[in-house]
Amino acid sequence: MFTPERILALLAALGMFIFSVSIYLKTGDWVAGVFVLGSLSYFVFFLLHYKRKGP
């Protein structure tokens, strides 16, 4: 079930991913590469593993 909070978290992680990839491609900085992996991990977490509390 996709709640508004989950959708917001997915959009934020996707935005972080896109920004980090663009910075990495422009500069080649390894720190930006780490942020790419981190934001991708957040996206996968909120997409697959985050569960809403039961009623």
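Residues numbered from 1 in each chain as written. Predicted model: local features only at pLDDT ≥ 70, side-chain atom pairs only at ≥ 80, totals over all residues. Heavy atoms only, no water.

**Here's the deal with helix α1 (residues 4-27)**
Argument step 1. In this model α1 runs 34 Å from its N-terminal to its C-terminal C-alpha over 24 residues, within 8% of the 34 Å that 1.5 Å per residue would give.
Argument step 2. Looking at α1, one finds that the buried residues are R6, A9, L10, A13 and S20.
Argument step 3. For α1, the secondary structure elements touched by its buried residues are α2 (30-49).
Argument step 4. Immediately beyond the C-terminal end of α1, within one or two residues, lies G28, with a positive phi of roughly 75°. (Helix = DSSP H or I, 4+ residues; strand = E, 2+ residues; numbered from the N terminus. Expected span 1.5 Å × (residues − 1). Buried < 20%, exposed > 50% of the residue type's maximum accessible area, 1.4 Å probe, protein only. Contact = heavy atoms within 4.5 Å.)

**Some remarks on the packing of aromatic side chains**
Argument step 1. Under the criterion given, the structure shown has 2 aromatic pairs.
Argument step 2. Aromatic pair Y42 and F46: ring centres 6.5 Å apart, planes at 15°, arrangement stacked. Remark: F46 and Y42 occur in helix α2; sequence separation between them is 4 residues, near one turn of the helix.
Argument step 3. Accessibility expressed as a relative area gives 19% for F46, which makes it buried.
Argument step 4. Aromatic pair F45 and F46: ring centres 5.2 Å apart, planes at 70°, arrangement edge-to-face. (Phe/Tyr/Trp six-rings, centres within 6.5 Å; stacked < 30°, edge-to-face > 60°.)

**Thoughts on the packing of α1 against α2**
Argument step 1. Where α1 meets α2, the closest approach of the two axes is 8 Å, and the angle between their N-to-C directions is 160°. The pairing of α1 with α2 is recorded here as roughly antiparallel in orientation. Handedness of the α1/α2 crossing: left-handed. Two secondary-structure elements touch here, α1 through R6, A9, L10, A13, L14, M16, F17, S20, V21, I23 and Y24 and α2 through A32, G33, F35, V36, S39, L40, Y42, F43, F46, L47 and L48. (Axes fitted to C-alpha atoms, helices over the stretch in contact; angles between N-to-C directions. Parallel < 35°, antiparallel > 145°, perpendicular 65-115°, else oblique. Left-handed = near helix turned anticlockwise from the far one by under 90°.)

**Some words on the environment of F45**
Argument step 1. If you trace the backbone, F45 turns up in helix α2.
Argument step 2. Counting along the chain gives 36 residues from F45 to A9, while the straight-line C-alpha distance between them is 9.9 Å.

**Section: a nonpolar patch on the surface**
Argument step 1. Taken together, F2, I7, L11, L14, I18, L40, V44, L47 and L48 make up a surface patch of nonpolar side chains, about 800 Å² in accessible area.
Argument step 2. Among the elements of the structure, α1 and α2 are those that each provide at least two residues to the nonpolar patch.
Argument step 3. Its location among the elements puts I18 in helix α1. (Patch = residues over 30% accessible without salt bridge, like charges linked within 9 Å, V, L, I, M, F, W, Y side chains within 5 Å. Areas by Shrake-Rupley, 256 points an atom, 1.4 Å probe, with all protein chains shown as cover. Salt bridge = Lys/Arg side-chain N within 4 Å of Asp/Glu carboxyl O.)

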